Amino acid sequence: NEELLINSEKLYVAGQLAAGIAHEIRNPLTSLKGFLQLIASGRGNKEDFYDIMKSELVRIESIVSELLMLSKPQIYELAFKDARQMMTETVNLLETQAILHNVIIEFHAGDKPLWVMGVENQLKQVFINVIKNAIEAMQNGGVVKISMSHDEDGTVNIRIQDQGSGISKEQLSKIGQPFYTTKDKGTGLGLMVTYKIVDNHKGQITAESEIGTGTTFIIRLPYYEQPIPSG
Ligand code: ADP
Ligand code: MG
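Residues numbered from 1 in each chain as written. Chains lettered and ligands numbered in written order. Predicted model: local features only at pLDDT ≥ 70, side-chain atom pairs only at ≥ 80, totals over all residues.

## Side note on the site of ligand 1
Item 1. As a structural note, the neighbourhood of ligand 1 is formed by 20 residues, with Asn133, Ala137, Thr181, Gly186 and Gly190 the closest of them.
Item 2. Sorting elements by how many residues they give to the shell around ligand 1 places helix α4 (residues 120-136) first, with three residues.
Item 3. For the shell around ligand 1, the residue count by class is seven nonpolar, eleven polar and two charged. (Near = placed C-beta within 6 Å. Helix = DSSP H or I, 4+ residues; strand = E, 2+ residues; numbered from the N terminus. Nonpolar A, V, L, I, M, F, W, Y, C, P; charged D, E, K, R; others polar.)

## A closer look at the nonpolar core
Item 1. The biggest cluster of nonpolar side chains holds 32 residues, and the ones touching the most others in it are Ala83, Val144 and Ile160.
Item 2. Looking at this core, the elements that each hand over two or more residues are α3 (83-100), β2 (103-107), α4, β4 (142-151), β5 (155-161), α6 (190-200) and β7 (214-222).
Item 3. Here this core takes seven residues from α4, the largest share from any one element.
Item 4. With sequence-adjacent residues up to four places away left out, valine 144 is seen in contact with Val103, Ile105, Glu106, Ile131, Ala134, Ile135, Ile160, Gln161 and Asp162. (Core = buried A, V, L, I, M, F, W, Y, C linked by C-beta atoms within 7 Å. Buried ≥ 20, exposed ≤ 12 C-beta atoms within 10 Å, placed from the backbone. Contact = placed C-beta atoms within 7 Å.)

## A few points about the pairing of β5
Remember that side chains alternate between the two faces of the sheet whenever the strand is regular.
Item 1. Burial of β5 is one-sided: the residues Val156, Ile158 and Ile160 facing one way are buried, the residues Thr155, Asn157, Arg159 and Gln161 facing the other way are not.
Item 2. With seven bridges joining them, β4 and β5 adopt antiparallel strand pairing. Within the sheet, the bridge partner assigned to isoleucine 146 lies in β5 and is isoleucine 160.
Item 3. In textbook terms, the turn of a hairpin is the stretch between consecutive antiparallel strands, and for β4 and β5 this stretch comprises three residues, one of which, glycine 154, has a positive phi near 80 degrees.
Item 4. Sheet analysis places β5 next to β7, joined by seven bridges and oriented antiparallel. In the sheet register, arginine 159 faces β7, and the bridge partner there is isoleucine 218. (Pairing = 2+ DSSP bridges.)

Below, the structure is given as structure tokens:
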């Protein structure tokens with residue numbers, strides 16, 4: 001029975017994800033427990049432990065908040081949104097982080113609104129996740145180029161291009177799988193959440209990459225005609 005098969009497939013994926021989450025959260029929890037025991041026994045220097053304990057807590061916090069993005073928002077705040085405006089706000093938000101990594105974000109917003117339909121915070125999360133990865137891919141700094149257009153085929157086309165390490169063919173098939181990361185402090189959840197949100201918005205996301213040259217992520221979202229002003 002096909003329906004049963006689909007359901008068991010879904011259960012399997014849920015089980016895989018649950019196992020991954022449990023594993024990723026248990027590690028920092030075990031380490032926190034160890035440090036608490038050390039402090040309780042009066043051994044070692046407490047101040048030295050606090051930094052590590054804090055980073056373990058931050059790790060749990062970031063795993064949990066990225067996973068929360070996967071759950072549907074309680075109240076669907078679907079609305080017409082200007083993708084250029086959302087990108088401008090996202091770029092401003094990431095400016096400090098870019099400077100810290102010697103990265104310049106090049107984005108000319110233009111003045112023509114690009115209307116899409118969606119949940120603002122989720123779409124901004126997509127932009128944040130992809131731009132953050134672009135910044136992190138450039139160990140020695142560089143330029144992240146962002147461009148947006150309204151294409152003939154009725155989509156808003158968003159390109160985020162970096163000059164980073166690039167992604168190999170083999171890696172390309174793995175990115176977006178839960179917990180797949182090549183970074184010491186990565187969660188490997190950013191792209192999974194990103195793909196899910198883009199899919200929920202009836203969009204598409206693809207990546208073009210060349211080792212040593214860089215990567216371009218392309219996000220396509222359905223374009224909407226200018227909404228009728230309300231009020
Ligand atoms: P994280 O950033 O926590 O590692 P992501 O899901 O955001 O998790 O990304 C998964 C992996 O995909 C990264 O660890 C990296 O190997 C690869 N990746 C994503 N974006 C880029 C990029 N722009 N350049 C190079 N590698 C990338
Ligand atoms: Mg990431």
